[in-house]
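In case you want the letters, here they are:
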Amino acid sequence: MHRITSASAADLFDIAATRRIEQAAASALPPHTLMQRAGLAAARLAMALAPHARTIWIACGPGNNGGDGFEAAAQLRHRGFFPVVTFVDDEGRLPADAKASLQRARDAGVTFASAPPSSFELAMDALLGIGSTRPPSGAMAEWLARMHASASPVLSIDVPSGLDADTGMRASNPNQAPASVRATLTFLTLKPGLFTAQGRDAAGTVWFDDLGCSAFAQERPTARLAGAPDIQPRTHASHKGSYGDVAVIGGASGMAGAALLAGSAALHAGAGRVFVGLLDPRAAPVDTSQPELMLRDAHALDLAGMTVVCGCGGGDAVRELLPRVLSTAAALVLDADALNAIAVDPSLQAQLVARGQAGAPTVLTPHPLEAARLLGDTTGGVQANRLAAARALASRFGVVTVLKGSGTVIADAGDEPPVINSTGNARLATAGTGDVLAGMIGAALAMRRPAFEAACEAVWQHGRIADLWPADAAPLTAGSLARRAPD
Ligand SMILES: NC(=O)C1=CN([C@@H]2O[C@H](COP(=O)(O)OP(=O)(O)OC[C@H]3O[C@@H](n4cnc5c(N)ncnc54)[C@H](OP(=O)(O)O)[C@@H]3O)[C@@H](O)[C@H]2O)[C@@H](O)CC1
Ligand SMILES: [K+]
């Protein structure tokens, strides 16, 4: 068993692949082995999370997830703990594995109750796992609300009940605040839904136990966690030309800040030279707080050979420059208003596709609403399956897509599984952080990183800066994020 951190690189498997792996493993092992291993792992983690617990409440559901809970209860009782099990259903309907574990819990002397204990030091959610088919209701919903309202830690078994392990969507109560201390112990495979959409909030700290079955995981991953990128050392005999030129195009009237933020981020991410082509004709000729940035009139910038970051604060004015940007930029990041302009213009879309066909690297950085506009979908439709939406955008336009949000998804147009980013936190929910990300990706492209790697690395670093933000420092702002340190 090990804890998954933002540095962990790992393959993720959807429910269908997990079921196949489970079947292959179960048929090669003696009956009940997997559930006994799962229950033992759950009991061990429960003891580690609440070593002095007097009462551990284990809520068990009608399938094998409940079976894991019974098995954990038996193991905890054998070790001198006092688990109290509440069980939602008729035991006659339990699958064979779970029935055997229920019997083992009874034989171990576990207490069964019809209602949750009045106090508990740890709650174990073994109600629903990957077999969840509809929103929890009745006693199940009440018990989930009860455990998440308590100050005690909640340990979810395999998957937080009601969370779709493929998509990270919650079946119900999407706004229900999860318990402040929460962990999920997942078995056999890591599932993508634990890491994107509502999954990260629901799951808390993710622990993984392969139940000794990694040899059976011969499936193609659905997605991946990329883990910490390798730092590319700079050679001593290098100069600013070695790290490429970035040109930011944006900053229409009243929105110069967005373009300056992207420029600052590109500079601090290591680009050799950064030009900021402002769309506002009355913009100041220099930013005295960042004199390294070379401010220009966007229309006068020669973009040939440049990595262009286009759209930050671009307003409607960016539209007229897009044909030239799409046809001349050596590498390109399209953000914000550039994406909105492309979403409503078939000729720009055709140009974007042509870039992909010509092998010109392009990265799109939409948030869910921008992605929805590009796909002709709704934000809800995009969020309902973020992996699929990112893949659809990447293949439609022949680009790398960075679908922002909790668990940012990075997909390319090829066969590679998409990456779900594992860094970042709610500190990033402040104006301008998207402009900073666009600038960081631009810098990585200017340094000749392949587009998919550039996007994955920059997204990881962007979140990592927020993760390392000192708790006692001033709140994170986009400007300080771009400079990679609190003011
Ligand atoms: N087999 C093994 O050895 C191993 C299995 N493992 C464990 O098994 C888990 C998968 O087990 P599973 O397939 O039985 O699915 P599970 O998530 O328990 O739920 C299915 C049951 O719930 C019911 N149901 C669904 N939604 C509902 C709702 N909202 N409200 C009420 N009922 C609802 C559904 O009934 P139905 O939809 O048919 O009415 C069915 O009865 C997996 O996540 C892992 O924890 C691991 O230990 C590895 C070894
Ligand atoms: K569960």
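Residues numbered from 1 in each chain as written. Chains lettered and ligands numbered in written order. Predicted model: local features only at pLDDT ≥ 70, side-chain atom pairs only at ≥ 80, totals over all residues.

Participant: What's the story with unusual backbone geometry in this structure? I'm lost.
Facilitator: For L211, which is not glycine, the phi torsion reads 55° and is therefore positive. Within the chain, R448 stands out as a residue other than glycine whose phi angle is a positive 70°. Assignment of secondary structure puts R448 in the loop between α14 (433–446) and α15 (451–467). By C-beta crowding, R448 is classed as partly exposed, having 15 other C-beta atoms within 10 Å. (Helix = DSSP H or I, 4+ residues; strand = E, 2+ residues; numbered from the N terminus. Buried ≥ 20, exposed ≤ 12 C-beta atoms within 10 Å, placed from the backbone.)

Participant: How should I be thinking about the site of ligand 1 in this particular structure?
Facilitator: In the region of ligand 1, 29 residues are neighbours, and G63, N64, N65, G129 and G131 sit closest. Contributions of two or more residues to the shell around ligand 1 are made by α1 (15–28), α2 (33–49) and α3 (64–78). No other element matches α3, which puts 4 residues into the shell around ligand 1. Residues of the shell around ligand 1, tallied by class, amount to 15 nonpolar, 9 polar and 5 charged. (Near = placed C-beta within 6 Å. Nonpolar A, V, L, I, M, F, W, Y, C, P; charged D, E, K, R; others polar.)

Participant: Is there a simple way to think about the packing of helix α11 (residues 368–375) against helix α13 (residues 386–397) in this case?
Facilitator: In a pair of packed helices, the angle between the axes and the distance between the axes together describe the arrangement. Interhelical geometry of α11 versus α13 gives an angle of 50° and a closest axis separation of 11 Å. Put simply, α11 runs oblique to α13. The handedness of the crossing between α11 and α13 comes out as left-handed. Contacts from A371, L374 and L375 of α11 reach α13 at A389, A392 and L393. Tallied by class, the residues present in the contact of α11 with α13 amount to 6 nonpolar, no polar and no charged. (Axes fitted to C-alpha atoms, helices over the stretch in contact; angles between N-to-C directions. Parallel < 35°, antiparallel > 145°, perpendicular 65-115°, else oblique. Left-handed = near helix turned anticlockwise from the far one by under 90°. Contact = placed C-beta atoms within 7 Å.)

Participant: How should the sheet that holds strand β1 (residues 2–3) be read in this particular structure?
Facilitator: Adjacent strands of a sheet pair through backbone hydrogen bonds, lying either parallel or antiparallel. Across the sheet, 8 strands lie side by side as β1-β9-β8-β7-β6-β3-β4-β5; this open sheet has mixed pairing. Looking at the sheet topology across the chains shown, the edges are occupied by β1 and β5 (111–113). Note: strand β4 (residues 83–87) against β5, 3 bridges, orientation parallel. Paired with V85 across the strands is F112, a residue of β5. Together, β3 (56–60), β6 (122–126), β7 (154–157), β8 (182–187) and β9 (205–209) form the strand contacts of α2, whose direction differs from that of β8 by roughly 160°. (Pairing = 2+ DSSP bridges.)

Participant: So what exactly am I meant to see when it comes to the environment of G193 here?
Facilitator: Here G193 is to be found in the loop between β8 and α6 (199–203). The spatial distance from the C-alpha of G193 to the C-alpha of M294 is 43 Å, given a sequence separation of 101 residues. Discounting residues that sit within four places of it in the chain, G193 has contacts with L163, D164, A165, D166, T167, G168 and G199.

Participant: Got a minute to help me understand α13 in this structure?
Facilitator: Every α-helix winds through 3.6 residues per turn, so residues three or four apart in the chain are directed the same way. Under the 1.5 Å per step criterion, the end-to-end length of α13 is 17 Å for 12 residues, consistent within 8% with the ideal 16 Å. Of the positions making up α13, those classed as buried are R386, L387, A389, A390, R391, L393, A394 and F397. Looking one or two places after α13, you find G398, whose phi comes out positive at around 65°. (Expected span 1.5 Å × (residues − 1).)

Participant: Looking at this structure, how should I read the pairing of β6?
Facilitator: The two faces of a sheet get side chains in turn, since along a regular strand they alternate between them. By the criterion of burial, β6 is predominantly enclosed, with 5 of the 5 residues buried. Side chains L122, M124 and A126 of β6 all project onto a buried face; the interleaved residues A123 and D125 project onto the opposite face, where all are buried too. Pairing between β3 and β6: 5 bridges, direction parallel. Residue pairing for β6: A59 is matched across the bridge by D125.

Participant: Please explain the packing of α3 against helix α4 (residues 96–108) as it appears in this structure.
Facilitator: In the contact formed by α3 and α4, the axes pass within 8 Å of each other and the chain directions differ by 25°. On the basis of their axis angle, the class for α3 and α4 is roughly parallel. α4 is crossed by α3, and the crossing has left-handed handedness. Judged by residue contacts, N64, G66, G67, F70, E71, A73, A74, R77 and H78 of α3 engage D97, A98, S101, L102, R104, A105 and A108 from α4. Along the lines of polarity and charge, the residues of the contact of α3 with α4 split into 7 nonpolar, 5 polar and 4 charged.

Participant: Would you take a moment to explain helix α7 (residues 256–268) for this structure?
Facilitator: Over its 13 residues, α7 extends 18 Å from the first C-alpha to the last, a length consistent with the 18 Å expected when each residue adds 1.5 Å. In terms of residue burial, α7 counts as a mostly covered element, since 12 of its 13 residues are buried. Within α7, burial applies to A256, A258, A259, L260, L261, A262, G263, S264, A265, A266, L267 and H268. Contact partners of the buried residues in α7: β11 (245–250), β12 (273–278), β14 (307–310), α14 and α16 (478–483). Just beyond α7, the residue with positive phi is G270, at close to 110°.

Participant: Which parts of the structure should I look at to understand the domain arrangement of the protein?
Facilitator: The parts lose accessible area when they come together, and the size of an interface is often stated as this lost area. Partitioning the protein into structural domains gives domain 1 (2–219) and domain 2 (241–482). Between the C-alpha centres of domain 1 and domain 2 there is a distance of 39 Å. The partner domain 2 presents 13 residues to the 11 residues of domain 1 that form the contact. Broken down by class, the residue content of the side of domain 1 that touches domain 2 amounts to 5 nonpolar, 5 polar and 1 charged. (Domains from an automatic or database assignment.)

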